[in-house]
Structures are given as structure tokens and as C-alpha cells.
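Each chain is listed here by its residues.
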Amino acid sequence: QISEAEVALFSVSSYACQRRTTLDNHNSNLTDALSLLAENAELNNEDGRGVAFRRAAALLKALPTQVISMSQLRGLPCLGEHSLRVIKDVLENGVSSEVESTKQSKRYKALKILTGIFGVGAKTADRWIRAGIYNLEQLRHSGQTLNRAQKAGLEHYDDLNEPVTKAEADAIGEIVQKAVDSVLTGSQVALSGGFRRGKLTGHDVDFLITHPEEGKEVGLMPKVVAWLESQGFLLYQKTTRNSYLESKDGPARPASNMDRFERCFSIFKLTKGKEQENTDQQLRELSKNYQMEAASHKIWRAVRVDLVVSPISQFAFAVLGWTGSKLFERELRRWAGHEKNMSLSSHALFDNTQNKYLRATSEEEIFAYLGLEYIPPSERNA
Ligand code: DCP
Ligand code: MG
């Protein structure tokens, strides 16, 4: 029995962007439960509930040790009534009954399967479920029309639901660098997203592209895409134009948190590496079954890749905005708005008090403008 006095007490800042959150999570039993409920809320278009669970999970990720008693959580921010109930359930019973029943539910399972298709969001999945579609087999036979992204998503379903490794991300990075070098010398490629935060796997690979001379990056994306296409590296791509215009009146209220960079959502065809090929070779030798042999013959796999082109003048903001985590980004923007009367996006920082844009060439400068201690990427895993 542990007495109250022996239990570690924590003191934690309320905004995730004020905290250091490494990948070393001492409370994954709790954060897994809360993340699943957050995901379920998001899949049901209950964004408010989703954020509340995400914030609670992020707070627990930042604690230096494992929580063993509810008394340790007294006075901590970000833990709402519902989250506390879930935590209590896990601490007392090992599992949360709400999480268990969610996982078992037909709707949750279907939402997971259907939104696992690239190009399918919560709204489309909901529409399909209401039409009696709960799995891929039913979808294939339903006669529903799929757009180009969804068709590609369905075709490469297994590959795209297999986590991308750091080695694969690096291999794709080399290809992107080669593409960029051959269309515009001096261009720079930076790995962003989860891999920049030190994650070992991800659901995709995110890259930012820029050129040290402002303006040279204009029109770069279509050229990069054309090069990648000519080399047979793309299974799918959709490029959207840059629609960002800085105004002297400050940032227009964006329709969403989506940024307006020239962007390419793609699916890469990545040839498997030497190690993988050897495994395939062994598999082929071992397999007597023809189908297994056919599968093992596949020497490439599909990987989701996001490419974003940023002018050098916005690059520091783009890097900060694209490194994540999603909650860390959300909290940075909330901090900027609520605590500093500033508007932060992946393009710029606008000070509403001074009525002017604040220029920066590094992430460190942006944290300084925001009055925040600098948090390196590896500690932004909120
Ligand atoms: N991002 C953003 N706004 C968007 C898309 C992305 O702010 N519309 C940011 C936050 C993310 C980062 O870009 O952390 C990359 O997005 P991902 O969805 O790829 O997230 P991660 O890379 O963090 O996770 P994963 O490992 O699942 O790819
Ligand atoms: Mg990513």
C-alpha cells in the first residue's frame, strides 16, 4: 500500500506548447484509452469532445512518471470530468469499459475500416454506413462511385495501412531530393511531420521544399511532379496551387486550419530495399502456394507522401507548422491567439496589437516572439 505522501505529485503547464513531450510515454495505458475515445469522437464529427480527450492524453504524455493513483492528478489542468472517469476506470480495472465497448461497436469498426481508405473522411464513411456498407467487400459491391483518390486508396489499402518506417522515409527523401535537384538547382528539401519529431514510423512522409532565392520556388511543384512521374515513382498525385496572399490588413480568417501552400498529395511506388528483397527471396523459396508466391514477388510498395512548397520568407513558419504534432500545432495557435493577441499560421505570425507581421528565419525566433521557451521537434510529441 502506498501512502498519499509517497505518491509523486506533478506540476504541468496548461498549454501543450509550454511543455516538453518526448516519445518516452510513461502512461501509454491511459493515453491509449483517451486517444481511442478522441479518435472515435473525431470519426463521429464531435470535434470538441475529440480535442478534450486529445488534451487530456497530451497532459499525461508529458508526466515524468507513471500515474498510479487518482490523487496524483488533483489540480492538474486539461483533465475534464469525462477523461478523469476514463482514467479512474483504467487505474482501477486495467481497462476502460467505455473504450472496450467502443472497440467492439459495429459502427466504430466500420468507421475505422472505411476511413482507412485514403481519400475517405468521417462524412463519407458515415454516408456509406447509413447505406449499409461496413467493410471493403461491401463497398466494392455497392456500386458507390469513388473519386480518383478513393480508387487509389482502395487499390493500395493494405500497403497504405502498413506503417512507413524511417528507412523508407529516408529512401523517399533521397528520391525527392533528386527530383528537386534535377528541376531547380539549389532547392532544399526538409523532412517534416512525425519523422522530424523522431518517430520511428508514420502514416505518411511529409516534405517541405524551398529555394534560398525568394520567387524561384514558384511553379516548382508541377516540375517536381512531372519528373517523379516520368521516372515511374508516382501511383497517384493531386497537386493544389498556392492560394496564400499576404494582406497589409493582416491575415484573413482562413476557412480552416489548412494552409494554402502549393501542395501535392501523392502515393509513391517505393521499390523495396535490399533487406526486404532478401526476405522476399527466402519467402519465394519457401512458398509452395502460388498465391503466396505471387504476393512475395511484389518488389515495391505504396507509400503516402505529402510534398509542400514554401517560399523561403515563410519557410520557418512552414517548418514549425508542418512538424506537428497536430495537438502541439493547435496549442501553439491557441496560445498565440488567447495569450498574445497574435495569429499564427504555417505562413506567418501576425501581431494584432502592433498590427504587423513578425518576420522570422528560424523556429527559435518564432517561439521567442510568442514568449515561449524553445521546444525542439523531439519534444513536440504532444
Ligand atoms: N499539419 C497541419 N495542417 C494540415 C496538415 C498537417 O498543421 N492540414 C501538420 C501537423 C502534422 C504535420 O503537419 O503534425 C504532418 O501531418 P501528418 O498528418 O502527416 O501528421 P504526423 O506526421 O505528425 O503523423 P504521422 O506519423 O501519422 O504521419
Ligand atoms: Mg506525417
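Predicted model, so just to flag it, every value in this text is computed and none were measured.

Some remarks on the overall build of the protein chain
Stage number 1. Along its length, the protein chain carries 17 helices and 10 strands.
Stage number 2. For a compact globule of 382 residues, the expected C-alpha radius of gyration is about 21 Å, and the protein chain comes in at 23 Å, within 12% of that figure.
Stage number 3. With the C-alpha coordinates aligned to their principal axes, the bounding extent of the protein chain is approximately 65 × 60 × 40 Å.
Stage number 4. The buried share of the protein chain, reckoned over its 382 residues, is 45%.
Stage number 5. For the protein chain, restricting intrachain contacts to residue pairs at least 6 apart in sequence, the fraction spanning at least 24 positions comes to 69%.
Stage number 6. The protein chain carries 49 positive and 48 negative side-chain charges, and their two centres are separated by 5 Å.

As for the sheet that holds strand β7 (residues 300–309)
Stage number 1. Strand order in the open sheet formed by five strands is β2-β4-β7-β6-β5, with mixed pairing between adjacent strands. Pairing within the sheet leaves two strands with one partner each, and these edge strands are β2 (188–192) and β5 (234–240). The average angle at which neighbouring strand axes cross in this sheet is 25°, direction not considered.
Stage number 2. In this fold helix α8 (residues 148–155) packs onto β5 and β6 (262–271), with an angle of close to 150° to the strand it touches most, β5.

As for unusual backbone geometry
Trans is the prevailing form of peptide bonds, just as negative phi is the prevailing case for residues other than glycine.
Stage number 1. The linkage connecting glycine 324 with the following residue, serine 325, adopts the cis geometry, with an omega of -5°.
Stage number 2. Among the secondary structure elements, serine 325 is positioned in the loop between α15 (315–323) and α16 (326–340).
Stage number 3. Of note, the phi angle at cysteine 78 is positive, near 70°, even though the residue is not glycine.
Stage number 4. Looking at the secondary structure, you find cysteine 78 in the loop between α2 (47–61) and α3 (81–93).

Side note on the site of ligand 1
Stage number 1. Residues in close proximity to ligand 1 total 15 residues, the closest being Gly194, Lys199, His203, Asp204 and Lys326.
Stage number 2. In the model, an oxygen atom of ligand 1 is placed 2.9 Å from a nitrogen or oxygen of the arginine 197 side chain.
Stage number 3. Contact distances for ligand 1 include 2.9 Å between an oxygen atom and a side-chain N or O atom of lysine 326.
Stage number 4. Look at ligand 1: alone it shows 560 Å² of surface, and the protein chains cover 85% of it.
Stage number 5. The set of elements that each furnish at least two residues to the shell around ligand 1 consists of α11 (193–196) and α15.
Stage number 6. Taken together, the residues of the shell around ligand 1 break down into two nonpolar, eight polar and five charged.
Stage number 7. Two domains each provide a minimum of three residues to the shell around ligand 1, namely domain 3 (173–311) and domain 4 (317–379).

Concerning the coordination of the magnesium ion (ligand 2)
Stage number 1. Within the first shell, the magnesium ion (ligand 2) binds the protein through Asp204 (OD) and Asp206 (OD), at distances of 2.0 to 2.2 Å. Judged on exposure class, the residue aspartate 204 and its partner aspartate 206 are both buried.

Notes on the domain arrangement of the protein chain
Stage number 1. Taken domain by domain, the protein chain holds domain 1 (4–102), domain 2 (109–155), domain 3 (173–311) and domain 4 (317–379).
Stage number 2. Distance from the C-alpha centre of domain 2 to the C-alpha centre of domain 4: 36 Å.

Structural notes on the packing of helix α4 (residues 97–104) against helix α5 (residues 106–115)
Stage number 1. Following both chains from N to C, one finds α4 and α5 inclined at 65°, their axes separated by 5 Å at the closest point. Residues Thr102, Lys103 and Gln104 of α4 touch α5, and the partners they reach there are Lys106, Tyr108 and Lys109.
Stage number 2. In the contact of α4 with α5, the residues fall into one nonpolar, two polar and three charged.

Some points on the sheet that holds strand β8 (residues 342–344)
Stage number 1. An order of β8-β9-β10 is seen for the three strands of this open sheet, with the pairing classed as antiparallel. The two strands at the open ends of the sheet, each matched to only one other strand, are β8 and β10 (356–357).
Stage number 2. Sheet topology note: the β8/strand β9 (residues 349–351) ladder contains three bridges and is antiparallel. By the bridge assignment, leucine 344 is partnered in β9 with leucine 349.

Calculation rules
- Residues numbered from 1 in each chain as written.
- Chains lettered and ligands numbered in written order.
- Predicted model: local features only at pLDDT ≥ 70, side-chain atom pairs only at ≥ 80, totals over all residues.
- Heavy atoms only, no water.
- Helix = DSSP H or I, 4+ residues; strand = E, 2+ residues; numbered from the N terminus.
- Rg over C-alpha atoms; globule rule 2.2 N^0.38 Å.
- Buried < 20%, exposed > 50% of the residue type's maximum accessible area, 1.4 Å probe, protein only.
- Contact = heavy atoms within 4.5 Å.
- Lys, Arg positive; Asp, Glu negative; His and termini not counted.
- Charge placed at Lys NZ, Arg CZ, Asp CG, Glu CD.
- Pairing = 2+ DSSP bridges.
- Axes fitted to C-alpha atoms, helices over the stretch in contact; angles between N-to-C directions.
- Near = heavy atom within 4 Å.
- Polar contact = N/O pair within 3.5 Å; in protein donor to acceptor, adjacent residues only side chain to side chain.
- Areas by Shrake-Rupley, 256 points an atom, 1.4 Å probe, with all protein chains shown as cover.
- Nonpolar A, V, L, I, M, F, W, Y, C, P; charged D, E, K, R; others polar.
- Domains from an automatic or database assignment.
- Donors = N, O, S within 2.8 Å, 3.2 Å for Na, K, Ca; no water.

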